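Residue-level structural notes
Each chain, written out:
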Protein chains: 2
Amino acid sequence: MNARCFTFAGGDTGPWRITSTVPVVGAGLPVAARLSIANSDMAQPPAGALWVMRGVASNERYVTVKERASLVAVQPQLGRPEASCAALIPMSKSARWWALTQEERREILEEKSAHIATGLKFLPAIARKLHHGRDLGEPFDFITWFEYAPTHAQAFEDLVGLLRETEEWQYVERELDIRLVRDISE
Amino acid sequence: MNARCFTFAGGDTGPWRITSTVPVVGAGLPVAARLSIANSDMAQPPAGALWVMRGVASNERYVTVKERASLVAVQPQLGRPEASCAALIPMSKSARWWALTQEERREILEEKSAHIATGLKFLPAIARKLHHGRDLGEPFDFITWFEYAPTHAQAFEDLVGLLRETEEWQYVERELDIRLVRDISE
């Protein structure tokens, strides 16, 4: 039993309706109609699931004490009533990324690519939660879940656009961009 | 299928004979006679297993580029014929540890506790491999496996003695020290 494991299942059930499934880098996924999310390893995915992906809410890897304080001061919780738009972005980085030391990865992620600083600029509009799949042997190293109100839809495009132009993204070898709207209350 | 997952099963089979099972901090484990190790998640542990623990060989978390170069230059492989002694040290750290940022953990682990520098002093005598269990939802955050020749048995005592006196170890809330000898060739 893995208490910090979350499973995302694309199929025909769940409170989120999938509006687009775009392969950004590498292989795509079958196009599902709806998404369900469970705080479990969902050993039995819902009947009709076309794909299932898992990740763990883990400890901090990159933020400094100062950066964390800035984030904590403004980052919103998931589940805000007005945040009816979401994005599910699963991705994997290359073997070359994972062979780097922590200090080399931090240098690329923040000092060169401003990943944390860029995310901070879009707070509190865009809520974000990161899940780690690599050590579970999952196909995606990371699964990031974003929630935002329809009025911040352009801000979200700006955020992902900025990140995809960074040096860090040169290490991304697979990425999908799945967009959703919540049309059923949980 | 998790290709980097290793399972350690204590029971009545396996090439390693368990000579002692000492709880260092917190709850102990049933005393098993032998240890088997598999590079899999061993969904079906061997019949007669008294305990099973899993961990993943993951990416580097703390070493700098310079430290890694020093380690790589001298660290031995596992499986040396003369290294017939081993230690299996599963441990978990406190919630307080895991709530720290990377830079705070690095500061405690190395700048204050010299964990990496101390390990380096005992190379190439003592081979070491770290497995991460926390994100798998396993009871032990870390499982470290050490191999050394009988002639380096005292060096190994010195190594674990030094580490247990550090500030880092104040964050250890459970630790076992299991010692083994290899009396069956794999």
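It is worth spelling out the overall build of chain A at this point. Within chain A, the regular secondary structure consists of five helices and eight strands. In sequence order, chain A lays out its α and β elements as β-β-β-β-α-β-α-α-α-β-β-α-β. For 186 residues, the compact-globule estimate of 2.2 N^0.38 gives 16 Å, and the C-alpha radius of gyration of chain A, at 16 Å, lies within 12% of that figure. Counting only C-alpha atoms, chain A reaches 45 × 35 × 30 Å along its principal axes. Within chain A, buried positions represent 53% of all 186 residues. Restricting to contacts in chain A with at least 6 residues of sequence separation, those with at least 24 account for 77%. Accessible surface, chain A: about 8,400 Å² in total, of which carbon and sulfur atoms supply 56%. When the 21 basic and 24 acidic side-chain charges of chain A are each reduced to a single mean position, those positions are 2 Å apart.

Before going further, it helps to examine the confidence of the model for chain A. Mean pLDDT over chain A stands at 96; residues scoring 70 or higher make up 99%. ipTM for the predicted complex: 0.93, alongside a pTM of 0.95.

Once chain A has been moved 0.0 Å along the axis and rotated by 180 degrees, it coincides with chain B to within an RMSD of 0.0 Å. Both chain copies can therefore be described as sitting about a two-fold axis. Minimal C-alpha separation from the rotation axis in chain A is found for Leu136(A), amounting to 3.2 Å. Residue by residue, 100% of the interface of chain A is reproduced at the interface of chain B, so both copies engage with the same surface.

Rules behind the numbers
- In this numbering scheme, every chain counts its residues from 1 along its sequence in written order.
- Here chains are named by letter from A upward and ligands by number from 1 upward, in the order in which they appear as written.
- In view of the model being predicted, local features appear only for residues whose pLDDT reaches at least 70, and side-chain atom pairs are presented and counted only at 80 or more, with totals across whole chains, interfaces and linings using the full set of residues.
- For the side-chain quantities, the full set of heavy atoms in the structure was used; hydrogens and water were omitted.
- For helices the rule is a DSSP run of H or I covering at least 4 residues; for strands it is a run of E covering at least 2, with both sets numbered from the N terminus onward.
- To get the radius of gyration, use the C-alpha atoms; to get the globule rule, take the number of residues to the power 0.38 and multiply by 2.2 Å.
- In this scheme, a residue with accessible area under 20% of its type's maximum is buried, one over 50% is exposed, and one in between is partly exposed, where area comes from a 1.4 Å probe on protein chains only.
- The contact rule is simple, with two residues in contact once any of their heavy atoms fall within 4.5 Å.
- In short, Shrake-Rupley with a 1.4 Å probe defines the accessible areas, and a residue's cover is counted only from the protein chains shown.
- When charges are counted, Lys and Arg contribute as positive and Asp and Glu as negative, whereas His and the chain ends are disregarded.
- By convention, the point assigned to a charge is CZ for Arg, NZ for Lys, CD for Glu and CG for Asp.
- A score between 0 and 100, pLDDT records how confident the predictor is in each residue.
- Each copy is superposed on the other by least squares, with the fit set by C-alpha atoms of residues at a pLDDT of at least 70 in both.

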